[in-house]
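In case you want the letters, here they are:
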Amino acid sequence: MQTDSPFNRLETASAATVTIEIDGQPFTAREGDSVAAALLAAGAIPSRTTPVSASPRAPYCMMGVCFECLVEVDGLANVQGCMVQVSEGMRVRRQNGARALTQGDVHEAV
Amino acid sequence: MSVRNHASRHDTDVAIIGGGLVGMSLAYGLLHQGKTVTVFDEGDQALRASRGNFGLVWVQGKGDTCPDYARLTRLSARLWPGLASELRQDTGIDIELQQNGGLYVCLDQASLQQRADMLARMQQDAGGDYPYEVLTAEQARQKEPALGPTIAGATWSPMDGHLNPLLLFRALHQAFARRGGRLINGQPVEHIRPLPDGFDIRLPGACLSAGKVVLAAGLGNKTLAPPLGLHAPVEPNRGQVLITERLKPFIHYPTGHVRQTGEGTVQLGDSKEDVGLDTGTTAEELGKIAARAIRMYPVLEKVRLIRAWGALRVMTPDGYPIYQQSDRYPGAYVVTCHSGVTLGAAHAGPLVDWLLGKDTEISLEAFSADRFPL
Ligand SMILES: Cc1cc2nc3c(=O)[nH]c(=O)nc-3n(C[C@H](O)[C@H](O)[C@H](O)COP(=O)(O)OP(=O)(O)OC[C@H]3O[C@@H](n4cnc5c(N)ncnc54)[C@H](O)[C@@H]3O)c2cc1C
Ligand code: FES
């Protein structure tokens, strides 16, 4: 997945890159990027739909307060993408609706 | 600020002191009966149970030592669907009322037995018309598969339910404004002066006359009541509440300690602390709440918590409401209770009839503050 994004990066000192997966597609992110920044750079928006109205959302505050950036990271849903940095091989999925808890036996804590 | 907007001799037919769930439920009912209503509410620093509660419309076990309270609670639960749909018509707001029954989960046999005995007594007091079941752990898990392997069992009642208390609060306020109610907020009422045929309500920079005055100021009633010849010995009792991230629905029935909201968050709570006017939270109490919730629903163990708060209940010495008219100044009333969500529909209906001197469906004598020593 490469960038067709309305967001433009500012020129800064060149940073090292890491490769992550967004919805199964490889994407080259900058080291130190938050997952939310990487999603914006990748044009992977909307990055989720809401549990209540299913309306589309994308990262908004970039500082951990709005919860608009919820995504699945390495299999764990409801992660605030702006609060987590990308790392090599990370698997990010856009999240539709609410996190499901009850796969299989609900007595097994997930 | 003095507005005479109709034939009445007063600025407003009824002044309600306190714009919490109790005051707004009464105000809503009064507007329906064609009265003009002014609600006075303090500033944002006020203590406000209505913004911090658990949202249960709860019946089972309520009023175990006071059959009149048990009856009032059941009446209110029966009136709730009507009020919810009226509010929806008035405002378009769905308050997420669900009354499909509720479970009270017990973690040990002794407390299960105690509850079973209590409910048996209440059923007898109600002449048999008090449906409930005592469920073994296995039976409870058949109803609610997410319940854990170490619970002792649960009591079940088809009468219980829950709603979203913040949406209720918003709906009441919107409907109130839409039906012409007047809200004066930001300042505490300082003084209420009885007139020969009504009351003057005074706050910094304003004075309004009212035909009747209702003290519905929660913990504020304690100081507002005595000058009007009323008695409201209410004390704060803190409850802490924890909120999880939003999850797909997996809890079907509310319990006294855990419920899943219409939006998917899980609300955990039911701590009781006597800590004065402190609305803070403590790691110790929140830890206990979380540990108990995980024993009830082990699947919660890996769930993230998003926020927590503390709020103060408005408690009378016996936990039951005070509904009283002043002997010394007729037309002055105090209305205060702990379960303002559950009783909201009764407050908007029968309690309003009582305030207007009409016949009510239910006897309110048991709720006089004369039962407490002065
Ligand atoms: C943690 C917790 C959980 C709860 N769970 C439930 C539940 O599940 N089900 C249920 O039925 N109930 C529950 N309750 C109880 C319920 O929230 C209260 O019964 C209800 O909110 C009380 O409403 P109120 O309007 O009397 O009080 P408040 O919400 O405290 O409102 C009183 C209002 O009076 C105003 N006021 C005070 N003094 C003055 C003054 N001098 N002048 C003007 N205004 C004044 C304040 O600004 C305030 O807005 C819970 C409460 C808590 C704290
Ligand atoms: S973008 Fe607001 S919390 Fe992440």
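Definitions and cut-offs
- Residues numbered from 1 in each chain as written.
- Chains lettered and ligands numbered in written order.
- Predicted model: local features only at pLDDT ≥ 70, side-chain atom pairs only at ≥ 80, totals over all residues.
- Heavy atoms only, no water.
- Domains from an automatic or database assignment.
- Contact = heavy atoms within 4.5 Å.
- Buried area = accessible area lost by both parts, 1.4 Å probe.
- Salt bridge = Lys/Arg side-chain N within 4 Å of Asp/Glu carboxyl O.
- Polar contact = N/O pair within 3.5 Å; in protein donor to acceptor, adjacent residues only side chain to side chain.
- Helix = DSSP H or I, 4+ residues; strand = E, 2+ residues; numbered from the N terminus.
- Core = buried A, V, L, I, M, F, W, Y, C linked by side-chain atoms within 4.5 Å.
- Buried < 20%, exposed > 50% of the residue type's maximum accessible area, 1.4 Å probe, protein only.
- Nonpolar A, V, L, I, M, F, W, Y, C, P; charged D, E, K, R; others polar.
- Near = heavy atom within 4 Å.
- Areas by Shrake-Rupley, 256 points an atom, 1.4 Å probe, with all protein chains shown as cover.
- pLDDT = per-residue confidence, 0-100.
- Axes fitted to C-alpha atoms, helices over the stretch in contact; angles between N-to-C directions.
- Left-handed = near helix turned anticlockwise from the far one by under 90°.

- Chain B carries the name FAD-dependent oxidoreductase in an unreviewed UniProt entry, which gives Oceanimonas pelagia as its organism.

- You'll find chain A entered in an unreviewed UniProt entry as (2Fe-2S)-binding protein, with Oceanimonas pelagia given as the organism.

### Quick word on the domain arrangement of chain B
All names here are of chain B.
Moving on, step 1. Looking at chain B, the domain boundaries give domain 1 (12–52 + 166–233 + 318–371), domain 2 (102–158) and domain 3 (235–315).
Moving on, step 2. For domain 1 versus domain 3, the distance between C-alpha centres works out to 29 Å.
Moving on, step 3. In this assembly, 12 residues from domain 1 lie in contact with 12 residues from domain 3.
Moving on, step 4. For the pair domain 1 and domain 3, the summed buried surface comes to about 990 Å²; carbon and sulfur atoms form 68% of the total.
Moving on, step 5. For the pair domain 1 and domain 3, the interface holds one salt bridge.
Moving on, step 6. Linking Glu235 and Lys222 is a salt bridge whose minimum nitrogen-to-oxygen distance equals 2.4 Å.
Moving on, step 7. Our count for the domain 1 to domain 3 interface comes out at two residue pairs in polar contact (both at pLDDT 80 or more).

### Things to note about the side chain of Thr50 of chain A
Moving on, step 1. One can find Thr50 of chain A in the loop between strand S3 (48–49) and strand S4 (56–57).
Moving on, step 2. When neighbours within four sequence positions are excluded, Thr50 of chain A is seen to be in contact with Ser55, Arg57 and Gly97 of chain A.

### Here we look at the nonpolar core
All names here are of chain B.
Moving on, step 1. With 59 residues, the main nonpolar core has Ile16, Leu26 and Tyr323 as its most contacted residues.
Moving on, step 2. A per-element tally of this core places helix H2 (residues 67–91) first, with nine residues.
Moving on, step 3. A domain-level breakdown of this core finds at least three residues from each of domain 1 (12–52 + 166–233 + 318–371) and domain 2 (102–158).
Moving on, step 4. Apart from residues lying up to four places away in sequence, Tyr323 is in contact with Leu72, Val334, Val335, Leu343, His347, Leu351, Trp354, Leu364, Phe367 and Ser368.
Moving on, step 5. In this structure, Leu135, Ala140, Ala154 and Val258 belong to the second largest nonpolar core, which totals 28 residues.

### Quick look at the environment of Thr17 of chain A
Residue and element names in this part refer to chain A.
Moving on, step 1. Within the secondary structure, Thr17 is located in strand S1 (residues 17–22).
Moving on, step 2. In the structure, Thr17 is positioned 78 residues away from Gln95 in sequence and 25 Å away in space, judged by C-alpha atoms.
Moving on, step 3. With residues up to four places along the chain from it excluded, the contact list for Thr17 reads Thr28, Ala29, Arg30, Glu31 and Glu88.

### Considering the interface of chain B and chain A
Moving on, step 1. Each partner contributes residues to the interface: chain B has 17 residues there, and chain A has 16 residues.
Moving on, step 2. When chain B packs against chain A, close to 1500 Å² is buried across both sides, 61% of that on carbon and sulfur atoms.
Moving on, step 3. Among the residues chain B hides against chain A, the three largest losses belong to Lys248, Val299 and Arg304 of chain B. Together they make up 36% of the total.
Moving on, step 4. Along the contact surface separating chain B from chain A lie one salt bridge.
Moving on, step 5. Note that Glu245 of chain B and Arg99 of chain A form a salt bridge whose closest N and O atoms lie 2.5 Å from each other.
Moving on, step 6. Across the chain B-chain A interface, the total number found is seven residue pairs in polar contact (both at pLDDT 80 or more).
Moving on, step 7. Considered class by class, the residues forming the side of chain B that touches chain A number nine nonpolar, no polar and eight charged.

### Quick look at the site of ligand 1
Residues and elements named next belong to chain B.
Moving on, step 1. Among the 35 residues in the neighbourhood of ligand 1, the closest are listed as Asp41, Ser50, Val189, His338 and Gly340.
Moving on, step 2. A distance of 3.1 Å separates a nitrogen atom of ligand 1 from a polar backbone atom of Glu42.
Moving on, step 3. Take Leu56: an N or O atom from its main chain is 2.9 Å from a nitrogen atom of ligand 1.
Moving on, step 4. Look at ligand 1: alone it shows 1000 Å² of surface, and the protein chains cover 95% of it.
Moving on, step 5. Mapped onto the shell around ligand 1, the elements with two or more residues apiece are helix H1 (21–32), strand S2 (37–41) and strand S15 (305–315).
Moving on, step 6. It is S15 that contributes the most residues to the shell around ligand 1, three residues altogether.
Moving on, step 7. Considered class by class, the residues forming the shell around ligand 1 number 17 nonpolar, 14 polar and four charged.
Moving on, step 8. Among the domains, domain 1 (12–52 + 166–233 + 318–371) and domain 3 (235–315) are the pair contributing at least three residues each to the shell around ligand 1.

### Points about the confidence of the model for chain B
Moving on, step 1. Residues with a pLDDT of 70 or more make up 98% of chain B, whose mean pLDDT is 95.
Moving on, step 2. Below pLDDT 50 for its whole length, residues 1–5 of chain B participates in 13 contacts with residues either more than four positions away or in separate chains.

### Here's the deal with the packing of H1 of chain B against helix H5 (residues 165–178) of chain B
Residues and elements named next belong to chain B.
Moving on, step 1. Relative to each other, H1 and H5 sit at 35°, their axes nearing to 10 Å. The two elements H1 and H5 cross, and the hand of that crossing is left-handed. Touching Leu21, Met24, Ser25, Ala27, Tyr28 and Leu31 of H1 are Leu168, Phe169, Leu172, His173, Ala175 and Phe176, all from H5.
Moving on, step 2. A per-class count over the contact of H1 with H5 returns 10 nonpolar, two polar and no charged.

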